[in-house]
Structures are given as structure tokens and as C-alpha cells.
Amino acid sequence: MASTKPGERKLQILQTLASMLENPKGEKITTAALAAKVEVSEAALYRHFASKAQMFEGLIEFIESSIFGLINQISEQQEDGLLQTQAIIQMLLNFSERNPGMTRVLIGDVLVNEDERLQVRMNQLAERVEMAFRQSLRLAATQGHLPEAEAAARASLLCSFVLGRWMRFAKTGFKQLPTEQATLQIAMLLR
């Protein structure tokens, strides 16, 4: 039996969970089904994670570090507030499109029957995304691109747009891509 390096099995479990979430039928994922896919016992799963909620927390940590790491990069590299906002929206839609299973975590549909704290974390993620939009739009306002009084309302609108795109992508069984006609629609929202 080949041994795995520390952390490899944990990562394998999270990757398998994410791939199982890509099933467009959206069936409930059990630890038994996950263990079977990873080819370990359920007890082995629980040696790496105390609960299924902890497995979802691992996915949420990946999502948060990916999204907010990219938002920070965009903010540092793009000095124009409107272009910064546009790049953040595009990145969020692309992230969803490349990670359909993670999209189901982002919209919270796989968290419905799980620990309540997981949904709270996803709500906080949405609030942080809106805050990033607000910061970029305030920068755009100082650059004369839009009235500062509109920054908060536009940030809320853009967050709703992204959440809606994620939701539609997941609810159509990943058929309607979040980036479909996004460039034109983002331009309309930022006018």
C-alpha cells in the first residue's frame, strides 16, 4: 500500500468533494459516497476532518483565499477605479465558470442542511465582495468617473449581478455560463 505524504490525503478529499459538487443534479453528498470516491473508509475521512462541515470549511477557505488574493492583485495592479471594478467582476465570473462545484458552495445550495456557520461564512464572503466593489467605485468617484453618492448603491447592484450569475449557472446545471454576454452587461452597469 503506497503511503501518502501528510496533507495529500486531506487535499485529495477536498478535491474529490469539489468534483462531486459538479454533478448538475445537485444530489446530497454523504460521507459514505465521498469515502467510496476517495477509496478510503469513512473512519479515514474523519481522521482528516472532524465533520462534514469541516470539509466544507476547507473548500470555503480555498474559495476565500483564491478570490480575495485575486482581488488584492487586481487592486494593486489596476489604478483606474472603473477598470478595477470591471476586472473584479470578470474574475468572479471566471472563477465560477472554472469551478462549477465551488459555485454551489458560493450560492449556498450545498450548505442548506449543513452547519449554519457555513452559510454565515458565505454571507460574509458576499459582504466582503461588495466592500471590494465599494472601494473600487469610491476610487472611480475620486477619479471623476461617477458621483461618490452612487458608489454604495452600485456596489450592491454589482454584487447582486455576480450572485445572480452564479445562481443561474448552478441552477441551469452549469449550462448558462456566468460570462455569457457579461462584458456588455458589465459595461452597461458601470455607465
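Check the entry above for the structure.
Below, the structure is looked at part by part. (Residues numbered from 1 in each chain as written. Predicted model: local features only at pLDDT ≥ 70, side-chain atom pairs only at ≥ 80, totals over all residues. Heavy atoms only, no water.)

Considerations on the overall build of the protein chain
Note the threshold: Runs of H or I in DSSP of at least four residues are treated as helices and runs of E of at least two as strands, each being numbered from the N terminus. Working definition: with a 1.4 Å probe on protein chains only, accessible area under 20% of the residue-type maximum means buried, over 50% means exposed, and in between means partly exposed. Whether two residues are in contact is decided by their heavy atoms, any of which lying within 4.5 Å being enough. The charge count includes Lys and Arg as positive and Asp and Glu as negative, but it does not include His or the ends of the chains. Working definition for charges: the position is that of NZ of Lys, CZ of Arg, CG of Asp or CD of Glu.
A tally of regular secondary structure across the protein chain gives 9 helices and 0 strands. Put simply, the protein chain runs from its N terminus to its C terminus through helices and strands in the order α-α-α-α-α-α-α-α-α. Along the first, second and third principal axes, the C-alpha set of the protein chain runs to 65 × 35 × 30 Å. Here the protein chain holds 191 residues, and 45% of them are scored as buried. Look at the contacts in the protein chain between residues 6 or more apart in sequence, and 68% of them connect residues 24 or more apart. Between the centroid of the 21 positive side chains of the protein chain and the centroid of its 21 negative side chains there is a distance of 5 Å.

Structural notes on the side chain of S136
Worth spelling out the cut-off: A 3.5 Å cut-off defines polar contacts: any pair of N or O atoms within that distance qualifies, except that in protein one atom must be a possible hydrogen donor and the other a possible acceptor, and neighbouring residues in sequence count only when both atoms are side-chain atoms.
Position of S136 among the secondary structure elements: in helix α7 (residues 116–142). Here the side chain of S136 touches Q84 through a polar contact of 2.6 Å, side chain to side chain. Excluding anything up to four places from it in sequence, S136 contacts G81, Q84, T85 and I88.

Some points on unusual backbone geometry
With a phi close to 65 degrees, E39 is a non-glycine residue in the positive phi region. One can find E39 in the loop between α2 (31–38) and α3 (42–48).

Some thoughts on the nonpolar core
This is how it is decided: By convention a nonpolar core is built from buried Ala, Val, Leu, Ile, Met, Phe, Trp, Tyr and Cys residues, the set being connected through side-chain atoms within 4.5 Å.
Counting 60 residues, the largest nonpolar core has L59, I67, L92, V105 and F133 as its most contacted members. The element that contributes the greatest number of residues to this core is helix α4 (residues 52–77), accounting for 10 residues. Once residues lying within four places of it in the same chain are set aside, the contact partners of L59 are L14, L17, A18, L21, M102 and V105.

Focus: the packing of aromatic side chains
Aromatic rings in a pair are described by how distant their centres are and how their planes are angled relative to each other. Filter applied, for reference: Think of it this way: a Phe, Tyr or Trp ring, Trp meaning its six-membered ring, pairs with another when their centres are within 6.5 Å, and the plane angle makes it stacked under 30 degrees, edge-to-face over 60, tilted otherwise. We call a charge positioned above a ring when the Lys NZ or Arg CZ atom is no farther than 6 Å from the ring centre and deviates by at most 35 degrees from the ring normal.
Tallied over the full model, the rule gives 2 aromatic pairs. On the numbers, 5.1 Å between centres and 65 degrees between planes, the contact of F169 with F174 is edge-to-face. Neither residue differs from the other here; F169 and F174 are each classed as buried. One residue, R128, lies across the ring of F68, its end atom 3.7 Å from the ring centre.

Considering the pattern of salt bridges
Let me state the cut-off plainly: Any Lys or Arg side-chain nitrogen found within 4 Å of a carboxyl oxygen on Asp or Glu counts as a salt bridge.
In total, this model carries 9 salt bridges according to the counting rule given. The partner of R154 in a salt bridge is E150, with the nearest N and O atoms 2.8 Å apart. You can call R154 buried: its relative accessible area is 15%.

With respect to the packing of α7 against helix α8 (residues 151–171)
Here is the rule: To get an axis, fit a line to the C-alpha atoms, keeping to the stretch in contact for a helix; angles then go from 0 to 180 degrees between the N-to-C directions. Each angle receives one of four descriptions, namely roughly parallel if under 35 degrees, roughly antiparallel if over 145, roughly perpendicular if within 65 to 115, and oblique otherwise. If you view the pair so one helix is near and one far, a crossing is left-handed when the near helix is turned anticlockwise from the far one by less than a right angle, and right-handed when it is turned clockwise. Throughout this entry, Asp, Glu, Lys and Arg are counted as charged residues, while Ala, Val, Leu, Ile, Met, Phe, Trp, Tyr, Cys and Pro are counted as nonpolar. The remaining residues, Gly among them, count as polar.
Between α7 and α8, the shortest axis-to-axis distance is 8 Å and the interhelical angle comes to 135 degrees. As far as their axial angle goes, α8 and α7 are oblique. You can see that α7 and α8 cross each other, and the crossing is right-handed. Between α7 and α8, the contacting residues are A126, V129, E130, F133, R134, L137 and R138 on the first element and A151, A152, R154, A155, S156, L158, C159, V162 and L163 on the second. Here the contact of α7 with α8 is built from residues that sort into 11 nonpolar, 1 polar and 4 charged.

Brief notes about the environment of V129
Relative to the helices and strands, V129 resides in helix α7. As a C-alpha pair, V129 and T179 span 50 residues in sequence and 18 Å in three-dimensional space. Ignoring anything within four residues of it in the chain, the contact list for V129 reads F68, L92 and C159.

Some details on the side chain of T85
Counting through the fold element by element, T85 comes out in helix α5 (residues 81–98). Among the residues examined, T85 registers a relative accessible area of 0% and is labelled buried. Sequence-distant contacts of T85, that is, excluding residues within four places in its chain, are made with F133, S136, L137, L158 and L190.

A look at helix α1 (residues 8–20)
Rules: What a helix is expected to span follows from its residue count: subtract one and scale by 1.5 Å.
Between its first and last C-alpha atoms α1 spans 18 Å; for 13 residues at 1.5 Å apiece the expected length is 18 Å, and the two agree. Buried residues of α1: R9, I13, L14, T16, L17, A18 and M20, and no others. Summarising the contacts, the buried residues of α1 are in contact with α2, α3, α4 and α6 (100–106).

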